[in-house]
Amino acid sequence: MCDHVSLLLCVFRYYLATAADDNVVRVWDLRKQKQVTGIELGEGVSVSSARFDKSGVYLGIASTDVRVIQAKTWDTVKVLNDHSAHVTDVCFGVDAKYIASTSMDRTMKLYGAEAMDVE
């Protein structure tokens, strides 16, 4: 049980992503009304933002870094850790070809198509 709980909600079609202070992003299927997966981020990691791209192929998670999750398998396909402080937000561009992130280090990073080249 968490001492302090903050709730983050991100909805895409029938998926709902939630995060609390337990270092886990949970993805729920609203049609089946059950949890699909839990993405563990590690001890002491606090989630600031989670967003699906427009097509629903990827889920971006802003925390100590930017993590890109493939929504079909729920595997991490990219970790972008160019910020020197906690990442506050993440957003996908058109067709997930770009990712923008902001951070407590007072910078915004824009990652191009090469950042989304996944194997």
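Please refer to the structure higher up on the page.
Throughout what follows, the structure given in this document is the object of discussion. Per chain, residue numbering runs from 1 following the sequence as it is written. Whole-chain, interface and lining totals are the exception, using all residues; otherwise, since this is a predicted model, local features are given only for residues with pLDDT of at least 70 and side-chain atom pairs are given and counted only at 80 or more. Working from all heavy atoms in the structure, the side-chain values ignore hydrogens and water.

Comments concerning the nonpolar core
Soluble globular proteins tend to bury their nonpolar side chains together.
Here's step 1: Among buried residues, the Ala, Val, Leu, Ile, Met, Phe, Trp, Tyr and Cys ones that are joined through side-chain atoms within 4.5 Å form a nonpolar core. Relative accessibility thresholds used throughout: buried, under 20% of the residue-type maximum; exposed, over 50%; partly exposed, between the two (1.4 Å probe, protein chains only). Within the largest apolar cluster, 16 residues are counted, with the highest numbers of intra-cluster contacts made by Val25, Ile39, Leu41, Leu59, Ile61 and Trp74.
Here's step 2: Runs of E in the DSSP output that reach at least two residues are strands. Runs of H or I that reach at least four are helices, and both are numbered from the N terminus. Listing elements by their share of this core, those giving two or more residues are strand 2 (15-19), strand 3 (24-29), strand 5 (49-52) and strand 6 (58-62).
Here's step 3: Considering every element that reaches this core, the biggest residue donor is strand 2, with three residues.
Here's step 4: By size, the runner-up hydrophobic cluster in this structure holds 11 residues, among which are Ala62, Val66, Val87 and Tyr111.

Some details on a nonpolar patch on the surface
Here's step 1: Nonpolar side chains collect at one region of the surface, where Tyr98, Met108 and Leu110 lie side by side and expose about 360 Å² of accessible area between them.
Here's step 2: Among the residues examined, Leu110 registers a relative accessible area of 59% and is labelled exposed. Patches here are clusters of residues that have more than 30% relative accessible area and form no salt bridge, with a 9 Å joining cutoff for like charges and a 5 Å cutoff for nonpolar side chains (Val, Leu, Ile, Met, Phe, Trp, Tyr). Residue-level accessible areas treat just the shown protein chains as cover; the underlying method is Shrake-Rupley with a 1.4 Å probe. Within this document, salt bridges are pairs made up of a side-chain nitrogen of Lys or Arg and a carboxyl oxygen of Asp or Glu, the two lying within 4 Å of each other.

Focus: the sheet that holds strand 5
Here's step 1: Across the sheet, four strands lie side by side as 5-6-7-8; this open sheet has antiparallel pairing. The open sheet has two edge strands, strand 5 and strand 8 (75-80), and neither has a second partner. For this sheet, the mean angle separating the axes of adjacent strands, direction not counted, is 20 degrees.
Here's step 2: Inspection of the sheet shows strand 7 (residues 66-70) paired to strand 8 by five bridges, in the antiparallel sense. Paired with Arg67 across the bridge in strand 8 is Val79. Should DSSP find at least two bridges between two strands, the strands are taken to pair. Note on definitions: angles span 0 to 180 degrees between N-to-C directions of axes, and those axes are lines fitted to C-alpha atoms, for helices only across the stretch in contact.

Points about the packing of aromatic side chains
Here's step 1: Two aromatic rings from Phe, Tyr or Trp, using only the six-membered ring of Trp, form a pair when their centres are within 6.5 Å; if the ring planes differ by under 30 degrees the pair is stacked, by over 60 it is edge-to-face, and anything between is tilted. All chains considered together, the criterion is met by three aromatic pairs.
Here's step 2: Here the aromatic rings of Tyr14 and Tyr15 are separated by 4.7 Å at their centres, their planes lie at 50 degrees, and the arrangement is tilted.
Here's step 3: Between Tyr15 and Trp74, the aromatic rings sit 5.2 Å apart at their centres with planes inclined by 90 degrees, giving edge-to-face as the arrangement. A residue pair is termed long-range when its members are at least 10 positions apart, and Tyr15 in strand 2 and Trp74 in the loop between strand 7 and strand 8 qualify at 59 residues.

As for the side chain of Thr37
Here's step 1: Structurally, Thr37 is set in strand 4 (residues 34-40).
Here's step 2: Overall, the relative accessible area of 17% leaves Thr37 in the buried class.
Here's step 3: Contact between two residues is taken to exist if any of their heavy atoms lie within 4.5 Å; hydrogens are not considered. Other than its neighbours up to four places away in sequence, Thr37 contacts Val25, Arg26, Val27 and Trp74.

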